[in-house]
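Report on the structure
If you want the building blocks of each chain, they are given just below.
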Amino acid sequence: MNKIFLFALILLVAACGAADKEEVTIYTHRHYDVDQQIFDDFEEETGIHVNVVKAGADELIERLVSEGDQSPADLLMTVDAGRLVRAADANLLQPIESETVSSTIPDKLRSADNSWVGLTKRARIIVYHPDRVNPEELSSYEGLADSIWNGRVLIRSSSSIYNQSLMASVIANLGEDAARQWAAGVVENFARNPSGNDRDQVKAILAGEGDLAVINTYYLGLLLNSADSQEAQAGEAVQIFWPNQEDRGAHINVSGVGLTANSPNAENAIALIEYMISQEVQELYASANYEYPANPNAEVSDQLKSWGEFKEDELPLARLGELNDEAVIIFDEVGWP
Amino acid sequence: MRDTSAWSVATLALVLILALPYIAFTSGLLAGTGHKWSHLMTYFLNKFFINSVILIVGVGFLACLLGISAAWVISRYELPGRKVWAILLYLPLAIPTYIMAYIYVGLVGYGGTTTKLGQWIGVDLPSGNIMNIYGLVWVLSLSLFPYVYAAARASFSKRPAALLETATLLGASERKYFFSIALPMAKPAIIGGLLLVCMEVLNDYGAAKYFGINTFTTGIFRSWTALKDLQSAVYLAGLLIAFAILVTLLIRLARGRKSYASNSDSGGPVKRVKLEGKRKVLAFLIVGFPIIFGLILPIIQLFMWVIPAFDYASFYENIWITAQSLFVAAMAAILTVATAIALLFFSKWNALSFIKRLPSISTVGYAIPGAMIGIALFSGGRYFVDFASEQFGWRIGYLVYGGLPILLYAYVFRFLAVAYYPIEATSLRMGNQLAEASYTLGGNRFNTLRKIELPILKPALWAALILVFIDTLKELPLTLILKPYDIDTLAMVAYNYADEEQMTKAALPALMLVSVVGLLSFLFEWWRSYSSKAKDG
């Protein structure tokens, strides 16, 4: 009797397993409403349900490590290339076998083995107050170490991954010693102890605490379109300067996605990636979230167009992840909090 | 009693189960420091230590000042609207520290609400940068003082009427009565509250990170994430725990060995003193200050964010998230309080004195950063999962990672202190005479517990339930790491948006968090006064 019961139970459990609908599970560090909309559209189009787990990329990577081959995750999505490199280094990712992906997304926005691919780009730019800064004196990130900017530079703390990636790009382009000197020079020029987020830096310009700030393009888009009138005002008060246009180009980073090594639904996962890099979806990212599309065929939104065309650093983004440690160590050494 | 050894074993077993994360943690420590350890020591150790001391002393002092004075006014004097003020004073606790940090930047920061108000009334109001360590002390104190207030109030309002009458008969002044009788009697409870404040301060991550202040906890994250050195992060957490134990010992030392047991809580309800004139104004100021700065202004700021960006879709979504949060928090609160009761009484019933001391070790979980607990549980759980898969071919990964049981266990581990200290404090005040009397009359441990001790502890139990409930609602890093795939909590959603610099979206879940806690507090208070009336009448 008991055995029959047990058998029935096993059958039941097996049946439940077999009746599972098509799905894909994504671990994501992106907390934007537009993402949910894209997942919903994908489900409607393909019938594949998207499970979303939102948390910080570091927690998600740790979770993937612990889960090992029993992980339910198919995709890992981050807001920077550095963490994707970290996941790849920890053998948590596998190559994305897709002709569409390799033909659509430029090489420098993907890892060499295609284990991750950039979805959207953000540029780290200089914004300044037009009354207090003569834009002709601006040139490059390196220029911010010049003594004319003493007490005028606003930038957030070095715990920001965006600053870590910027420093990594400086190391990659100029070498470690020059990067250290540069960082020490910028620290000398701080208008205040680094604190707050990118939006706070712009507000501090308007308030006169500093004259220029280093921020991400997409936060400027959010500020300008904020429901808060004061925020919009702060965004409108500053001008954009694209750094390093005479040499290597402005530093960019990507928000990207990697295919997990133990993905139980790899096929669905690749279908989702292909969907996310399609022209239509890429244009949605650009218009709803002020990010630059990784797909070169996608049109940028009017807001992004208004900031003009710019030359971007051609450094393969994988280098940002590789040099992240060194970047953090230099920040600590020069006393950049 | 004969069965004391069984209770020694039971206490030990419970303490061991609660020590599992420590075991995972210790095995991490045995693996040695990581490759970035000397770097961390060179550039950070001083800063971590100095900043943590400033924060603990600053917040501890301010929280005691705000909490004790407000509790005294509420329980000693008759003020118009007293019951409402009494509840409102708990509510700042509903605002997570990192949200309070964003709120204050929104209130007085550049282009903030103060500036807008100034423009509206045509005056140039000052605004400024509060993102420094003193700003952090201010923000943390306002969000955490209710721990002290709750503890002090529970103690003040239970003080025996006979003592007060005696003191008044002997001609003691109000001040003398407060400092010589009421305060010393409330000391164990206040110290319990203060300990919670200190642990919360050490554990804060979001606010310190936003303000750019280096603390042990931000250092742990820096080591783990930016420097990719988990091993050194574990060591930093070890240092943090040592620091927390040191703080605990220092504070417990201050409590002294004196016992203030009293079984004469009876004697009828204490008559509150009516105030007139200047003293009435002063009393209102004492109660009003923390309510205005800890609750009303923050709520106004949240509304300033919510209103321009409001839409019904996200409102309904947040209602659903609220329901999930309540469910998880209720489960966590019940389990944690049950564990605290078991721990308290098992250790009380056992005869070995060293085992009596063990429970306070189990409560140090409060000082370990939530993220570290999460990692410890994951790495510990991994042995378990691997073992099951190698030995039996079971694939139980889904149960261990992202299941509700492990999240609940983590909450119990993390919040045991919150439940344990208020219950312990009341139990200390209750003393042991009643229980001994019951044993003499032939009562056994369980019916004594059920019929005598638990009913006396009831207010403390409810207080513990509510505190753990609120803490779980606010909890962040643990929930982020361990949460099941299909559960969202208000705190998590609020943090995710805040971290992405979208305060207009973060404000709605934050506001719901405050509303839920507010509503619950009012219900709880109503129930308490209703049931005490029913008892009296």
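Residues numbered from 1 in each chain as written. Chains lettered and ligands numbered in written order. Predicted model: local features only at pLDDT ≥ 70, side-chain atom pairs only at ≥ 80, totals over all residues.

**Quick look at the overall build of chain B**
When helices and strands are counted, chain B shows 24 helices and 2 strands. Relative to its length of 537 residues, chain B is compact, with a C-alpha radius of gyration of 24 Å against a globular reference of 24 Å. Taken along its principal axes, the extent of the C-alpha atoms in chain B is 75 × 65 × 50 Å. Taking as baseline every contact in chain B between residues at least 6 positions apart, the subset at least 24 positions apart corresponds to 82%. (Helix = DSSP H or I, 4+ residues; strand = E, 2+ residues; numbered from the N terminus. Rg over C-alpha atoms; globule rule 2.2 N^0.38 Å. Contact = placed C-beta atoms within 7 Å.)

**A look at the overall build of chain A**
Looking only at helices and strands, chain A has 15 helices and 9 strands in total. Relative to the compact-globule value of 20 Å for 337 residues, chain A shows a C-alpha radius of gyration of 22 Å, a close match. For chain A, the spread of C-alpha atoms along the three principal axes comes to 85 × 40 × 35 Å. The burial tally for chain A puts 54% of its 337 residues in the buried class. In chain A, 77% of the contacts between residues at least 6 apart in sequence involve partners at least 24 apart. (Buried ≥ 20, exposed ≤ 12 C-beta atoms within 10 Å, placed from the backbone.)

**Side note on the environment of B:Ala417**
All names here are of chain B. Along the polypeptide, Ala-417 turns up in helix α19 (residues 404-430). On a C-alpha basis, the gap between Ala-417 and Ala-506 in space is 29 Å, while along the polypeptide they are 89 residues apart. Ignoring sequence-local partners within four residues, the contact set of Ala-417 consists of Leu-196, Met-199, Thr-363, Gly-365 and Tyr-366.

**A word on the pairing of strand β4 (residues 116-128) of chain A**
Residues and elements named next belong to chain A. Of all 13 residues in β4, 13 are buried; the element is thus mostly enclosed. Sheet topology places β4 next to strand β8 (residues 252-259); 7 bridges connect them, and they run antiparallel. Residue pairing in the sheet places Thr-120 in a bridge with Ser-255 of β8. Across 2 bridges, the pairing between β4 and strand β9 (residues 292-293) is antiparallel. (Pairing = 2+ DSSP bridges.)

**Points about the pairing of strand β3 (residues 75-78) of chain A**
For a regular strand, the rule is simple: side chains alternate between the two faces of the sheet. Residue and element names in this part refer to chain A. By the alternation rule, side chains of β3 split into Leu-75 and Met-77 and Leu-76 and Thr-78, which are all buried. Alignment of strand β1 (residues 23-28) against β3, held across 3 bridges, turns out to be parallel. Within β3, the position partnered with Thr-28 by the bridge is Met-77. Where β3 and β8 come together, 4 bridges link them in antiparallel fashion. Its bridge partner being in β8, Met-77 is matched across the sheet by Val-257.

**Focus: the nonpolar core**
It is characteristic of soluble globular proteins that their nonpolar side chains tend to be buried jointly. A:Leu75, A:Val127, B:Val148, B:Ala464, B:Val468 and B:Ala494 are the most contacted members of the largest nonpolar core, which totals 268 residues. Of all the elements, α19(B) adds the most residues to this core, at 16 residues. For B:Ala464, the residues in contact, after removing those within four places along its chain, are B:Val337, B:Ala340, B:Val418, B:Ala419, B:Pro422 and B:Ile423. (Core = buried A, V, L, I, M, F, W, Y, C linked by C-beta atoms within 7 Å.)

**Some thoughts on the interface of chain A and chain B**
Taken together, the contact between chain A and chain B spans 45 residues of the former and 44 residues of the latter. Those elements that provide at least two residues to the side of chain A that touches chain B are β2 (49-54), α3 (57-67), α8 (198-207), α9 (217-224), α10 (229-237) and α15 (324-334) of chain A. Across the side of chain A that touches chain B, the residue classes break down as 14 nonpolar, 14 polar and 17 charged. (Nonpolar A, V, L, I, M, F, W, Y, C, P; charged D, E, K, R; others polar.)

**Regarding unusual backbone geometry**
One non-glycine residue, A:Asn114, lies in positive phi territory at about 65 degrees. Relative to the helices and strands, A:Asn114 resides in the loop between α5 (99-104) and β4. Look at A:Asn114 and you get partly exposed, because 18 C-beta atoms sit within 10 Å. Its identity as a non-glycine residue notwithstanding, B:Lys228 has a phi of 55 degrees, on the positive side. Mapped onto the secondary structure, B:Lys228 falls in the loop between α12 (216-226) and α13 (230-255).

**Examining the packing of helix α4 (residues 45-76) of chain B against helix α8 (residues 133-156) of chain B**
When two helices pack together, their arrangement is given by the angle between the helix axes and the distance between those axes. Residues and elements named next belong to chain B. For the pair α4 and α8, the least separation of the axes is 6 Å and the interaxial angle reads 40 degrees. One way to sum up the angle between α4 and α8 is to call them oblique. Here the hand of the crossing between α4 and α8 comes out right-handed. A breakdown of the residues in the contact of α4 with α8 according to their chemical character gives 23 nonpolar, 5 polar and 2 charged. (Axes fitted to C-alpha atoms, helices over the stretch in contact; angles between N-to-C directions. Parallel < 35°, antiparallel > 145°, perpendicular 65-115°, else oblique. Left-handed = near helix turned anticlockwise from the far one by under 90°.)

**Some details on helix α23 (residues 490-499) of chain B**
Extensive coverage of α23(B) is indicated by the burial of 9 of its 10 residues. Within two residues after α23(B), B:Glu501 carries a phi angle of roughly 65 degrees, on the positive side.

**A look at the confidence of the model for chain A**
Scored by pLDDT, chain A has a mean of 90; 94% of the residues are at 70 or more. Within the model, pLDDT remains below 50 along residues 11-19 of chain A, and this stretch shows 0 contacts once partners closer than five positions in the same chain are excluded. (pLDDT = per-residue confidence, 0-100.)

**Some words on the confidence of the model for chain B**
When the pLDDT values of chain B are averaged, the result is 83; 93% of them are 70 or greater. Every residue in residues 263-268 of chain B scores below 50 in pLDDT, and together they form 11 contacts with partners more than four places removed in sequence or on other chains.

**With respect to the environment of B:Trp7**
Residues and elements named next belong to chain B. As for its position among the elements, Trp-7 is in helix α1 (residues 4-18). C-alpha of Trp-7 to C-alpha of Ser-347: the two residues are 340 residues apart in sequence and 6.8 Å apart in space. Dropping the residues within four chain positions of it, Trp-7 is found in contact with Phe-346, Trp-349 and Asn-350.

**Comments concerning the packing of α19(B) against helix α21 (residues 445-474) of chain B**
Residue and element names in this part refer to chain B. The geometry of α19 relative to α21 is characterised by a closest axis approach of 9 Å and an angle of 160 degrees between their N-to-C directions. In terms of orientation, α19 lies roughly antiparallel with respect to α21. Of the two elements, α19 crosses α21, and the hand of that crossing is right-handed. Contact with α19, carried on its side by Tyr-411, Phe-415, Val-418, Ala-419, Pro-422, Ile-423, Thr-426, Ser-427 and Met-430, involves Ile-456, Leu-457, Ala-460, Leu-461, Ala-463, Ala-464, Leu-467, Val-468, Asp-471 and Thr-472 of α21 and no other residues of that element. Class assignment for the residues of the contact of α19 with α21 results in 15 nonpolar, 3 polar and 1 charged.

**Let's talk about the environment of B:Lys47**
Residues and elements named next belong to chain B. For Lys-47, the location among the structural elements is in helix α4. Look at Lys-47 and you get partly exposed, because 16 C-beta atoms sit within 10 Å. Distance from Lys-47 to Leu-467, taken between C-alpha atoms, is 32 Å for residues 420 residues apart in sequence.

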